[in-house]
Amino acid sequence: MNYIELIGPPGVGKTTLLNTLADSRQTNEWNTYEEATYDIIDTLNWNQLNNPKSKLLYLINKVNFTGFKRLGISNTILKEVVPQVAGAIQKKYEYLVEAQLQAIQTLSLNISPINKCSFLNWHIQALQKLFVLETFGYTKTVLFAEGPLKNHQGLDQIHHSNITPDTLPNAIIYCTLSIADNIKRIQNRLAH
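Now for a look at the structure at hand. (Residues numbered from 1 in each chain as written. Predicted model: local features only at pLDDT ≥ 70, side-chain atom pairs only at ≥ 80, totals over all residues. Heavy atoms only, no water.)

### Some details on the sheet that holds strand S2 (residues 30–32)
- A sheet is described by the order of its strands in space; here four strands give the open sequence S2-S3-S1-S4, paired in parallel fashion. The two strands at the open ends of the sheet, each matched to only one other strand, are S2 and strand S4 (171–174). Averaged over neighbouring strand pairs, the angle between their axes works out to 25° when direction is ignored.
- In the sheet, strand S1 (residues 3–7) pairs with S4 via four bridges, with the strands oriented parallel. Note on S4: the bridge partner recorded for Leu 6 is Ile 173.
- The sheet contacts of helix H1 (residues 14–23) involve S1, S2, strand S3 (141–144) and S4, and relative to S2 the element is tilted by about 140°.
- Each of S2 and S3 touches helix H2 (residues 33–43); the most contacted strand, S2, lies at about 100° to it. (Pairing = 2+ DSSP bridges. Helix = DSSP H or I, 4+ residues; strand = E, 2+ residues; numbered from the N terminus. Axes fitted to C-alpha atoms, helices over the stretch in contact; angles between N-to-C directions. Contact = heavy atoms within 4.5 Å.)

In structure tokens, the structure reads:
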């Protein structure tokens, strides 16, 4: 699986850029994570669904009569179908988690333990997306607005011997504005 990450501070426009890029695609060479989950769900067989809940959600997703919240349905089905990610897949990314843990320990004492936990929890949720794609052998390139490197506290602590070619993005698009520009954007958003 190939992936590309958009990284940058909150409110800088990562999601807006991702949506703009998605709308301007000429071909279907890459997908967003949401589109990738829809592809995976579309390839599932009825026999792979192991309980009534996932079968019902699968049917709702196929009919798509609600016209919205398809991503939530897809994610719920995937959680039901893949109760446990293969250890080999998780092991590939352990060094990213270890670096995050080490960095969190060095954060200022003024940052509460709850906030430190939220850093790690957010990071694990981003990795779960990669786990899902790799579990199903998804081959298209996926562009993440928030992949596991976004706000990763310990990138400077990662030793090159831990990195394998398939555990880092193929490219990183860094989104940034000056602090003043970012504040203006946030104020404009609040005004509308």
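### Some words on the side chain of His 123
- Relative to the helices and strands, His 123 resides in helix H7 (residues 113–135).
- Residue class for His 123 comes out buried when judged on its relative accessible area of 0%.
- Non-local contacts of His 123, meaning those with residues more than four positions away in its chain, are made with Leu 96, Val 97, Gln 100, Pro 148 and His 152. (Buried < 20%, exposed > 50% of the residue type's maximum accessible area, 1.4 Å probe, protein only.)

### What about the pattern of salt bridges?
- Across all of its chains, the model carries four salt bridges by this definition.
- Here Lys 140 ties to Asp 39 by a salt bridge, and the two come within 3.9 Å at their closest N and O atoms. One end of the pair, Lys 140, is in the loop between H7 and S3; the other, Asp 39, is in helix H2, and 101 residues separate them in sequence.
- With a relative accessible area of 27%, Lys 140 lands in the partly exposed category.
- A residue is classified by how much of its surface remains accessible, and Asp 39, at 27% relative accessible area, is partly exposed.
- For Lys 91, the salt bridge goes to Glu 94, with nearest N and O atoms at 3.5 Å.
- The exposed category is assigned to Lys 91, whose relative accessible area is 56%. (Salt bridge = Lys/Arg side-chain N within 4 Å of Asp/Glu carboxyl O.)

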